[in-house]
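# Structural description and commentary
This is what each chain is made of:
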Amino acid sequence: MQSATALPASPVDDRKRRMRAYSTAMSIRMVCLILVFVVPGWWKIAFGIGAVALPYIAVVLANAGSRIGTVAVNPGPASVRAIEPQRPE
């Protein structure tokens with residue numbers, strides 16, 4: 001028997017979660033991109049690396065589907081029939 005708690009998230013909820021993760025990562029990238037032109041010294045390099053690396057990280061996070069509920073549920077042993085079929089003699 002399949003348990004309702006073992007089912008994966010609905011496609012709409014999964015898409016919302018992935019879009020939220022992608023938008024958050026890309027917003028952080030935009031902040032890094034702006035800070036490259038504002039901050040002095042070695043911070044410029046750190047924010048530059050963030051601005052270059054975050055698009056890849058955002059795509060990987062967005063494409064990672066929901067892992068909740070993907071484990072198969074073992075339904076247990078097969079039930080025994082109450083009436084066995086008749087064999088022709």
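So, how was this worked out
- Residues numbered from 1 in each chain as written.
- Predicted model: local features only at pLDDT ≥ 70, side-chain atom pairs only at ≥ 80, totals over all residues.
- Heavy atoms only, no water.
- Helix = DSSP H or I, 4+ residues; strand = E, 2+ residues; numbered from the N terminus.
- Expected span 1.5 Å × (residues − 1).
- Contact = heavy atoms within 4.5 Å.
- Core = buried A, V, L, I, M, F, W, Y, C linked by side-chain atoms within 4.5 Å.
- Buried < 20%, exposed > 50% of the residue type's maximum accessible area, 1.4 Å probe, protein only.
- Axes fitted to C-alpha atoms, helices over the stretch in contact; angles between N-to-C directions.
- Parallel < 35°, antiparallel > 145°, perpendicular 65-115°, else oblique.
- Left-handed = near helix turned anticlockwise from the far one by under 90°.
- Nonpolar A, V, L, I, M, F, W, Y, C, P; charged D, E, K, R; others polar.
- Phe/Tyr/Trp six-rings, centres within 6.5 Å; stacked < 30°, edge-to-face > 60°.
- Salt bridge = Lys/Arg side-chain N within 4 Å of Asp/Glu carboxyl O.

### Re helix H1 (residues 11-36)
With 26 residues, H1 should cover 38 Å at 1.5 Å per step; its first-to-last C-alpha distance of 37 Å lies within 8% of that length. Packed against the buried residues of H1 are helix H2 (42-63).

### Examining the nonpolar core
Core analysis: the biggest nonpolar cluster contains six residues, these being Cys 32, Val 36, Val 39, Phe 47, Ala 51 and Leu 54. Listing elements by their share of this core, those giving two or more residues are H1 and H2. Beyond its immediate chain neighbours, meaning those up to four positions away, Ala 51 contacts Arg 29, Cys 32 and Leu 33.

### What about the environment of Met 26?
Mapping Met 26 onto the fold places it in helix H1. For Met 26 and Ile 57, which are 31 residues apart along the polypeptide, the C-alpha to C-alpha distance reads 9.4 Å.

### Considering the packing of H1 against H2
Look at H1 against H2: their axes get within 8 Å of each other, and the N-to-C directions meet at 165°. Here H2 runs roughly antiparallel to H1, going by the angle between their axes. Handedness of the crossing formed by H1 with H2: left-handed. Contacts between H1 and H2 involve Arg 18, Tyr 22, Ala 25, Met 26, Ile 28, Arg 29, Cys 32, Leu 33, Leu 35 and Val 36 from the former and Lys 44, Phe 47, Gly 48, Gly 50, Ala 51, Leu 54, Pro 55, Ala 58, Val 59, Ala 62 and Asn 63 from the latter. Class assignment for the residues of the contact of H1 with H2 results in 15 nonpolar, three polar and three charged.

### Regarding the packing of aromatic side chains
According to the stated counting rule, one finds two aromatic pairs in the structure shown. Judged by centre distance (5.8 Å) and plane angle (25°), the rings of Trp 43 and Phe 47 are stacked. Of this pair, Trp 43 and Phe 47 are both found in helix H2, four residues apart, which corresponds to roughly one turn of the helix. The class for Trp 43 is partly exposed, based on a relative accessible area of 43%. In textbook terms, an aromatic cluster arises when at least three aromatic residues are bridged by ring pairs, as seen for Trp 42, Trp 43 and Phe 47.

### Topic: the pattern of salt bridges
With the rule as written, the count across this model stands at two salt bridges. A salt bridge links Asp 14 to Arg 17; the nearest nitrogen and oxygen atoms lie 3.3 Å apart. Of this pair, Asp 14 and Arg 17 both sit in helix H1, three residues apart, which is roughly one turn of that helix. The class of Asp 14 is buried, set by a relative accessible area of 13%.

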